[in-house]
Amino acid sequence: MTKGTLIFVIGVVAVLISGIGYYTYTKMNAGQPVHYHAGIQVYVDDKLQDFSSIKYMTISPCTDHDAKKEQESAKELQNDKGHLHDNIGDVVHVHRSGGTWKDFFTNIHFTVPAGKPVFAFINGNSVEDIMNTPIKGYDSVVIFIGTRNTMKAELKKAVTIDHIKEIEKKSELCASGS
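So, how was this worked out
- Residues numbered from 1 in each chain as written.
- Predicted model: local features only at pLDDT ≥ 70, side-chain atom pairs only at ≥ 80, totals over all residues.
- Heavy atoms only, no water.
- Helix = DSSP H or I, 4+ residues; strand = E, 2+ residues; numbered from the N terminus.
- Buried < 20%, exposed > 50% of the residue type's maximum accessible area, 1.4 Å probe, protein only.
- Core = buried A, V, L, I, M, F, W, Y, C linked by side-chain atoms within 4.5 Å.
- Contact = heavy atoms within 4.5 Å.
- pLDDT = per-residue confidence, 0-100.

Colleague: What is the right way to look at the environment of isoleucine 108 in this model?
Modeller: Take isoleucine 108: it is sitting in the loop between α4 (101–107) and β4 (118–122). Exposure remark for isoleucine 108: the relative accessible area of 2% places this residue in the buried category. With 26 residues separating them along the chain, isoleucine 108 and glycine 82 place their C-alpha atoms 8.7 Å apart.

Below you can see the structure in the form of structure tokens.
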């Protein structure tokens, strides 16, 4: 085998290994299809944010994600990590494992105002790094950004599991729970 042929063979093998590695990496990091819901409330300077507007909603209906996963775009995979629909702004829908609260806020195009302190609670318990915390089924998240005068009272108004389950029953597009 000549030196040129050897270099060519090594190049082809390297490209194949890289391709297989990339394919495996993207499949492993895309998350697995799931279907569950969580509650969310966000207060900015003591004002509850209303995420029920159409600008925060995912419009496309839920589908059989197993059958569709080979055809999904990166945008669809990202959106599956956490989104809203049916003009309900306090129940997050998750269809892809591995989603974090940062993914959810990215998907609804909500940016935490820079320079403001963030305090977060899951099921009444304080959480240090909410943005990198995974979204879990039936969790109730309350986030305070900036001024917070009534935090204790607002925590009592957190989204309940009963509310999440009621929304699951009513949802026209995505009904089943975890």
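Now, onward.
Colleague: Hey, could you run me through the nonpolar core in this one?
Modeller: Grouped burial of nonpolar side chains is what soluble globular proteins tend to show. By size, the foremost hydrophobic cluster in this structure holds 25 residues, and its most contacted members are Ile40, Val42, Trp101, Phe104, Phe105, Ile130 and Ile143. If you list the elements that add at least two residues to this core, you get β1 (33–44), β3 (91–96), α4, β4 and β6 (140–145). For this core, the leading source of residues is β1, giving five residues. Beyond its immediate stretch of four places on either side in the chain, phenylalanine 105 contacts Ile40, Val42, Phe51, Phe110, Met131 and Ile143. Within the second largest apolar cluster, six residues are counted, among which are Val91, Tyr138, Val159 and Ile164.

Colleague: Please clarify how the confidence of the model for the protein should be interpreted in this entry.
Modeller: A low pLDDT score tells you not to read the predicted coordinates there in detail. Here the protein averages 83 in pLDDT, while 75% of its residues score no lower than 70. Scored below 50 in pLDDT, residues 21–29 makes four contacts in the model with residues more than four places away or belonging to other chains.

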